[in-house]
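# Commentary on secondary and tertiary structure
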Amino acid sequence: MNKVEIRDRFFTRYKELIRKEMIPYQWKVLNDEIDIIIERERNDDSIPNEKSHVIENFRIAAGRKKGKHYGWVFQDSDLYKWLEAVAYTLGEQMDEELKRLADDAVDLISEAQEDDGYLNTYFTIEEPDEKYKRLWQSHELYCAGHFFEAAAAYYEATGNQKVLKTACKLADHIDSVFGQEEGKNRGYDGHEEVEIGLMRLYHLTHEDRYLKLARYFLLIRGTDQAVMGSKHLPLTYYQAHLPVLEQESAEGHAVRLVYLCTAMADVAAESGDEKLLNACRQLWKSIVKRRMYITGGIGSTVSGEAFTLDYDLPNDTMYCETCASVGLVFFAYRMLLSEENGEYGDVMERALYNTVLGGVALDGKHFFYVNPLEAVPEKSRKDPGKSHVKCVRPQWLGCACCPPNLARLLASVEQYAFVQKKNRLLVNLFMECKGSFEIEDGILDIELKTGYPWTGSVEIKVNFSGTLSACLGIRVPSWSDTFGVEINGKSTDLVAEHGFIYINQVFKEDTIRLELDMEPKRWYANPMVESDYGKFAVSRGPFVYCAEEVDNGKNLNLMSVEKQEPLEYEFKEDLLGGVGVLTASGWKTEADREDSWLYRQSNAAEKKVRKKIRWIPYYSWANRGENEMRVWFREENQR
């Protein structure tokens, strides 16, 4: 079985954080065993935030306790995502105490399952006669999908038969209820996810019914064949305004859209369905060409946590939910399985290193739901339209989908480093690791050594046991203006094809060195992006950078930098766990708030003072107390 062992300094820190801090902390939260403040993700009194109650809901559904369900109808999924993160952790390093805890959770989930296979604590406890009758908002199939993913991962890591049996029993139940056959329910969940989970079960069990059912849920969506309830938000919110094969623009709830696309890409890769793949390409283009933030965040408005229109990318009222970027990583990876386009890896990397990592504090116990590109604490407190923009990560959230979601992704990040094809292996993400892959007639062993993401030097050692030649593809990130390649110490001129360079040979203890351009860069948005016109953002390597008040003082909006001013880089080992810092000489306009004028006919009286501006990687902001933050800055012509 193909396996990757990660040794990377950067991601090993996160792996240890998940194992030692995030998983134990989240378990205590799910059990209501810790005294924390659970914040509503925005000013909305309907959001339940007294407790998590997730484990208690399962105990009640299983008959171990008496009581009422508390929390969202999708609260079960918090446990499932926690279990999936545990699975990846145990698969990497067995911990008998953690395994015992997870096995007990599996037993509890199994006990909560009804005799016919149905599994959902809310409807079992509160409304048993309403099962599958409110699919727009019930999240029954959504929760099932997360359980399928967790069950597959936990079975692969531990061999636990009960978790797989429980998942297959639920999948078989859903298959008996839904479909186009006479007498079956022709509905689908308002929140896509079951399709991803079914495909995960299919890849594990090779049960064709699961592939068929996933395909059904995808293709029935948005058609007049579907039978749904009447109470719902606009159909675009659910990506149900058109059949999926006809959708060309990213619409509605951002997480739902990328979960939909993840499943579509998975089914397309497995079945070779070119129509489904082309629909994925259209939606991908809409997202990354016209509706994605430079950080890899998606979702432009708090209303519906949704996309709005092309180039509408406000920095201070956006949503950019952590889960949406997690889903974008999933979508990008599934697309790479079908076609070798480096853009998928570029976007995956951008979302991972910026918005996904930004969703968790450096202590592993505080989390962002929303990831702004501009934040001012006083505005978040006093402007109702910005109540969702937090300037410090909460300990937990009323809607707690993001903390366990990013945990399961980061716990399995090495799975996204490579993409295996029948006769080739693609190096997609750069991290220190070792892997072995079955390629053609042999085993291809590969080892990466690198100081990435802080340095652009990557050493790749390759050995192939087969008799045939093998092909190795290496992604060259689009942000690297130049690159150099050496094979066994000899410089080689290679041209990137769709973002990859290819080396096709019989590998016998060969060494490839890749050198990427790590010079700091300025980026400019399409002029149609009104919020960023006349401004620039800075990056280095895979990181987008931001400026914080703690380094630069208040009123970051008054700062500007001249067009030709150079950016200087320095690594600070003692700052924020070790980060690379960018600095440049800029200007800060002096604002006299005591003056009597609000508007005037000239800005000639403006005074500017020289100011050294410092930027830190976006993912590391909000770890030094409540303060302002900004990604985009005004640029001035050379004086």
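Quick caveat, the model's predicted, so the values are computed rather than measured. (Residues numbered from 1 in each chain as written. Predicted model: local features only at pLDDT ≥ 70, side-chain atom pairs only at ≥ 80, totals over all residues. Heavy atoms only, no water.)

### Regarding helix α12 (residues 274-290)
The terminal C-alpha atoms of α12 lie 24 Å apart, and with 17 residues this matches the ideal 24 Å at 1.5 Å per residue to within 8%. Along α12, the residues classified as buried are Leu276, Leu277, Ala279, Cys280, Leu283, Trp284, Ser286, Ile287 and Val288. Contacts made by the buried residues of α12 are with α10 (208-220), α11 (254-271), α13 (322-338) and α14 (342-358). Its side-chain oxygen 3.0 Å from the backbone nitrogen of lysine 275, aspartate 273 forms the N-cap of α12. (Helix = DSSP H or I, 4+ residues; strand = E, 2+ residues; numbered from the N terminus. Expected span 1.5 Å × (residues − 1). Buried < 20%, exposed > 50% of the residue type's maximum accessible area, 1.4 Å probe, protein only. Contact = heavy atoms within 4.5 Å. Polar contact = N/O pair within 3.5 Å; in protein donor to acceptor, adjacent residues only side chain to side chain.)

### Some thoughts on empty space enclosed by the protein
Over the atoms rolls a probe the size of a water molecule, and in doing so it shows where empty space is left. Overall, the coordinates contain 2 cavities of 30 Å³ or more when judged by the stated rule. If you add up the space inside the largest cavity, you get close to 50 Å³. For the largest cavity, the full set of lining residues is Asp316, Glu374, Ala375, Val376, Lys379, Ser380, Lys386 and Val389. For the lining of the largest cavity, the secondary structure elements donating two or more residues are β3 (374-375) and α15 (377-382). Grouping the amino acids of the lining of the largest cavity by side-chain chemistry returns 3 nonpolar, 1 polar and 4 charged. Of the pockets and cavities examined, the second largest cavity occupies roughly 30 Å³. (1 Å grid on protein atoms, 1.4 Å probe; cavity = no way out; pocket = protein on both sides within 12 Å on 5 of 7 lines; lining within 4 Å. Points joined across faces, edges and corners; volume = space filled by probe spheres on them. Nonpolar A, V, L, I, M, F, W, Y, C, P; charged D, E, K, R; others polar.)

### Observations concerning unusual backbone geometry
Residues tyrosine 452 and proline 453 are joined by a peptide bond in cis, for which omega reads 10°. Even without being glycine, glutamate 440 reaches a positive phi, approximately 50°. Along the chain, glutamate 440 turns up in the loop between β7 (433-439) and β8 (442-450). Its identity as a non-glycine residue notwithstanding, glutamate 509 has a phi of 55°, on the positive side.

### Some details on the sheet that holds strand β14 (residues 510-516)
The sheet built from 7 strands is open, its strands ordered β1-β7-β8-β9-β14-β11-β12 with antiparallel pairing. The sheet terminates laterally at β1 (3-6) and β12 (490-492), the two strands that pair on one side only. Sheet twist, expressed as the average angle between the axes of neighbouring strands with direction ignored, equals 20°. Inspection of the sheet shows strand β11 (residues 483-487) paired to β14 by 5 bridges, in the antiparallel sense. Note that in β14 the partner of phenylalanine 483 across the bridge is leucine 516. (Pairing = 2+ DSSP bridges. Axes fitted to C-alpha atoms, helices over the stretch in contact; angles between N-to-C directions.)

### As for the layout of surface pockets
Taken as a whole, the second largest pocket holds about 670 Å³ of empty space. Surrounding the second largest pocket, 28 residues form its lining, Val288, Met292, Tyr293, Ile294 and Arg350 being those nearest its centre. A total of 5 residues in the lining of the second largest pocket trace back to one element, the largest contributor, which is α14. Split into classes, the residues belonging to the lining of the second largest pocket amount to 16 nonpolar, 4 polar and 8 charged.

### Here's the deal with the side chain of asparagine 315
Within the element layout of this structure, asparagine 315 appears in the loop between α12 and α13. A relative accessible area of 3% means that asparagine 315 is categorised as buried. One polar contact links asparagine 315 to aspartate 532, side chain to side chain, over a distance of 2.8 Å. Ignoring anything within four residues of it in the chain, the contact list for asparagine 315 reads Tyr293, Pro372, Leu373, Glu374, Ser531, Asp532 and Trp632.

Geometric descriptors of this kind do not, in isolation, establish any biological role.
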